[in-house]
Every structure is written in structure tokens, then in C-alpha cells.
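Structural features, examined
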Amino acid sequence: MPDAIEVRKVPIHSVADASELAKLIDDGVMEASRVIAIIGKTEGNGGVNDYTRIIADRAFREVLVEKGAPADQVKQVPIVWSGGTDGIISPHATIFATVPADKAEPSDDLRLTVGFAMSEAILPEEIGYTGMITKVADAVRVAMERAGITDPADVHYVQTKTPLLTIHTIRDAKSRGQKVWTEHTHESMDLSNGTTGLGIAVALGEIEMPTDADVMHNRSLYSSVASCSSGVELDQAQVVVVGNARGVGGRYRIGHSVMRDALDADGIWDAIKDAGLELPERPHTSDIGGRLVNVFLKCEVSQDGQVRGRRNAMLDDSDVHWHRQIKSAVGGVTASVTGDPAVFVSVSAAHQGPDGGGPVAAIVDLGSGDPTGYAAPGPTT
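Structure report, in brief. Everything numeric in this text was worked out from a predicted model, so none of it was measured.

Thoughts on the overall build of the chain
- Within the chain one finds eight helices and 14 strands.
- When the backbone C-alpha atoms are referred to their principal axes, the chain occupies close to 60 × 50 × 40 Å.
- With 381 residues in all, the chain has 59% of them scored as buried.
- Residue pairs in contact within the chain that sit at least 24 positions apart in sequence constitute 81% of those at least 6 positions apart.
- As presented, the chain carries roughly 15,600 Å² of accessible surface, and 48% of it is formed by carbon and sulfur atoms.
- Taken together, the 34 basic and 52 acidic charged side chains of the chain have centroids lying 2 Å from each other.

Below, the structure is given as C-alpha cells:
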């Protein structure tokens, strides 16, 4: 049986800052050697050359080593950074760590569990094709098993990091007589994310195995729990499965829902309710009561260029890419629900939730003690 999980959200005060992680360890909230995953937002451009992700990765790994975790172990910790804090989204990290059995709050109910796996190496010519879908699906099943989850219905959030195409990897494929789906590196970010979303959906039984022709074209095929990110940092699929299991104990539980479009605040509330937080019929931010650890969303511009029947110009804008615009818009909607701008909102949601919307996962604290460390800072005057 997997260990219980402690999870905390911390602010990032500058690009290379990991001081709040150090403080959690110094305060005894978690042990450096027990940190098993970190998922966060950095303030770069969110594109192919967003090196704030690499800077943050180095900063957080250095703190774990400084605080006593073995260096070889730290290298294997999955750290997923989503670049781009457009609009009011605030840089932050959500840190997951295991809890010693004698310190875990006992519970026979469903409680938070996390599993991690790496896929086989993904070749550049597999990105956008069923070869990548199969490798991702296999890794998701391994991560589920490591999380102690047997029922796919208990999986509520799958965060991945996968390779995208670069000039170098495109040239490598061609040198071996292979073709690639696209030679536009920025487009390959959406492609990698979308292909991964289909792999997650296949692993969890949400869809049957799609064809190559379905990738990026049949938007009716999607996962309701996938949150896929891609970058230049790796050549495998890094998979973190977050769900619930009985017997692990602990204070936390996760739930999920989907936003049907960019304005669907009810989808966010539904995820919080699904995690187990009791809310009134028409909830307000004040009803959260400091029990919400964080929400994790993917968002996407609707392919028809509309939101609720009204035309927008995001897909035609040559000055500001639609990635930046939809992320900013959905970040504002999300923060209006949570009351906290430190929300994980990531763009490029092809095959992750319905077209124009996206999956939402929420982690809440259901422990018997007073929740600490999650409530949004109060308004300034």
C-alpha cells in the first residue's frame, strides 16, 4: 500500500527562488527525501524557448539536495513546470511528499495517492502518431499501479511532460529517413500535448485506441483528467497519476470535472465538490474556508473562434499568440472562484477536455485539524 501524501502550495518569489520549499522542510512539514513530485507555474513565455522552467527545476532540485535528499534520488523526482503566468496568474509550486505511516492521519475513506512512471523513449517521428499514444498509455498504467489505484474512476488528474519537436530532433528524424508530423516547433507543443492526452484516455478506458488520422482532428476524443505539458527537457513521457485510494490515510482528497468553455466557472466548483468539500448550491469563495490546496486546469481556444456564440479574434491575432490570451482569460475566471491568483492554468488542451474547455482537478484538505498554508492572501487596502 502506498504511503499517505502531504501536499502544499508555495509561492515562487523570483525566477530562481525555491525558498518556500526550504521553509517547509525546515519547519518539519515534509522531509526532503520524501518529496515525490512538484508541479508548478513559472513566469516565462510558455514557449519552446521558455528557460524559466529549467531555472526553476534546478533551483528546486538544489534545495532538496541541500536539505538532505540523495542527489541520485532527486534526479528522478518528477518536476513538471508549466511556463507562462499570463494575466494575474501567480508563479507557484505544488509539492507532494509521502508521510511516514506513524504520522499520517488515519482514514478508511478515499484519500490522495500519487504514482509516477517514465515511458520508453519517444522518437521525434512518433510524436503525433499512435506509437506515442501507446507508449504514454503503458506508462500511465504503470503509474496507476504504483499509486495503488485499481479502478480508473479513482484517477482524477494525470500530469505529464513529454518531448516536443525541435530543429535538432527534426533533423535527426530526417537523417534516419523518417518524417515528422510538423516542422513547426511551436505547433509541435500542441501536438505533443494532444497525442499524450489521447494516450491517457486510452489507458483509463475513456476512449478506444484512435487512429493516426484522429490526432488533432477528432476533438470529440479526449480525456477528462489529462493535463499535458511538453518541452525540450526530456525525450520520454514523464507521468504523474494523482487519484484516491482507500487505506492510505492522510488528510487530502482529489476530485475532477471539466470546463465546457472558457467561462464555465461551474466546472471549477464541480471539481471542488467532487473532491469532497461540502458547498452550498450557489457557492462563494468564502465557502472554501482555507480547505482548497490548489486547482489544476487545462484550457484551449475553441476551434470555431467563439465563446457562447460570441466571436473572438484570438485565432486571428498576429501580435499575441492565442496561447497567451486564453491562459490569461481562464486564469482570471479560475482565480475569481478560488480567490487566489496562484492557480495552475496551462494552455494547449487538445484532446484534454472538450473543445474550447478543459479538465479541472481540485485537491482539498479534509483533515480533522485546522487547515494551514492554503488560503489566499487577504485583499490589500
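A short note on the environment of Ile288
- Note that Ile288 resides in the loop between α7 (265–274) and β10 (292–299).
- Separated by 79 residues in sequence, Ile288 and Met209 place their C-alpha atoms 39 Å apart.
- Non-local contacts of Ile288, meaning those with residues more than four positions away in its chain, are made with Trp269, Leu277, Val337 and Thr338.

Here we look at the packing of α7 against helix α8 (residues 322–338)
- One way to put it is that α7 packs onto α8 with a least axis distance of 9 Å and a crossing angle of 50 degrees. Classified by the angle their axes make, α7 and α8 are oblique. Along this stretch, α7 crosses α8, giving a crossing that reads as right-handed. Taking contact as the criterion, the partners of Ala265, Ile268, Trp269 and Ile272 in α7 are, on α8, Val333, Thr334 and Val337.
- Per-class residue counts for the contact of α7 with α8 are six nonpolar, one polar and no charged.

Describing the packing of aromatic side chains
- The tally for this structure, following the rule as stated, stands at three aromatic pairs.
- Summarising the aromatic geometry, the rings of Phe60 and Trp81 are spaced 5.1 Å apart at their centres and angled 65 degrees between planes, so their arrangement reads as edge-to-face. Separated by 21 residues along the polypeptide, Phe60 in helix α2 (residues 52–66) and Trp81 in strand β3 (residues 79–83) bring together distant segments of the chain. Each member of the pair, Phe60 together with Trp81, is buried.
- Here the aromatic cluster, defined as three or more aromatic residues joined through ring pairs, consists of Tyr157, Phe296 and Phe344.

A look at the pairing of strand β2 (residues 35–42)
- Across the eight residues of β2, seven count as buried, placing the element largely inside the fold.
- Where β2 meets strand β4 (residues 92–99), six bridges bridge the pair, whose relative direction is antiparallel. By the bridge assignment for β4, Gly40 is matched with Ala93.
- Two strands pair when backbone bridges link them, and β2 and β3 are joined in this way by five bridges, in the parallel orientation. In the sheet register, Thr42 faces β3, and the bridge partner there is Gly83.

Notes on empty space enclosed by the protein
- Applying the stated criterion across every chain, the model contains five cavities of 30 Å³ or more.
- The calculated volume of the largest cavity comes to roughly 90 Å³.
- If you go around the largest cavity, you meet 13 residues; those closest to its centre are Gly46, Ser82, Met189, Ser229 and Ser346.
- Of all the secondary-structure elements, those providing two or more residues to the lining of the largest cavity are β3, α6 (185–203), β7 (226–231) and β13 (344–347).
- Among the elements that take part in the lining of the largest cavity, β7 stands out by supplying three residues, more than any other.

A short note on the environment of Ile133
- Its place among the elements puts Ile133 in helix α4 (residues 130–146).
- Residue Ile133 is classed as buried on the basis of its relative accessible area, which comes to 0%.
- Once residues lying within four places of it in the same chain are set aside, the contact partners of Ile133 are Thr195, Leu198, Gly199, Val202, Met209, Pro210 and Val215.

Section: the sheet that holds β10
- The strand order across the open sheet formed by four strands is β9-β14-β10-β13, and the pairing between neighbours is mixed. Of all strands in the sheet, those with a lone pairing partner are β9 (252–259) and β13, marking the two edges. Averaged over all pairs of adjacent strands, the angle between strand axes in this sheet comes to 15 degrees, irrespective of strand direction.
- In terms of strand pairing, β10 meets β13 through four bridges, oriented parallel. From the neighbouring strand, Cys299 faces β13, where its bridge partner is Val347.
- Each of β9, β10 and β14 (358–365) is contacted by α7, which is oriented at about 155 degrees to β9, the strand it contacts most.

Focus: the side chain of His351
- With respect to the helices and strands, the residue His351 is situated in the loop between β13 and β14.
- Judged by relative accessible area, which is 1%, His351 ranks as buried.
- A distance of 2.8 Å separates a polar atom in the side chain of His351 from the backbone oxygen of Leu221.
- Not counting residues within four places of it along the chain, the set of residues in contact with His351 comprises Gly194, Gly197, Leu198, Asp214, Val215, Met216, His217, Asn218, Arg219, Leu221, Tyr222 and Ser223.

Points about the environment of Asp26
- Here Asp26 is to be found in helix α1 (residues 19–26).
- The class of Asp26 is exposed, set by a relative accessible area of 52%.

Parameters and conventions
- Residues numbered from 1 in each chain as written.
- Predicted model: local features only at pLDDT ≥ 70, side-chain atom pairs only at ≥ 80, totals over all residues.
- Heavy atoms only, no water.
- Helix = DSSP H or I, 4+ residues; strand = E, 2+ residues; numbered from the N terminus.
- Buried < 20%, exposed > 50% of the residue type's maximum accessible area, 1.4 Å probe, protein only.
- Contact = heavy atoms within 4.5 Å.
- Areas by Shrake-Rupley, 256 points an atom, 1.4 Å probe, with all protein chains shown as cover.
- Lys, Arg positive; Asp, Glu negative; His and termini not counted.
- Charge placed at Lys NZ, Arg CZ, Asp CG, Glu CD.
- Axes fitted to C-alpha atoms, helices over the stretch in contact; angles between N-to-C directions.
- Parallel < 35°, antiparallel > 145°, perpendicular 65-115°, else oblique.
- Left-handed = near helix turned anticlockwise from the far one by under 90°.
- Nonpolar A, V, L, I, M, F, W, Y, C, P; charged D, E, K, R; others polar.
- Phe/Tyr/Trp six-rings, centres within 6.5 Å; stacked < 30°, edge-to-face > 60°.
- Pairing = 2+ DSSP bridges.
- 1 Å grid on protein atoms, 1.4 Å probe; cavity = no way out; pocket = protein on both sides within 12 Å on 5 of 7 lines; lining within 4 Å.
- Points joined across faces, edges and corners; volume = space filled by probe spheres on them.
- Polar contact = N/O pair within 3.5 Å; in protein donor to acceptor, adjacent residues only side chain to side chain.

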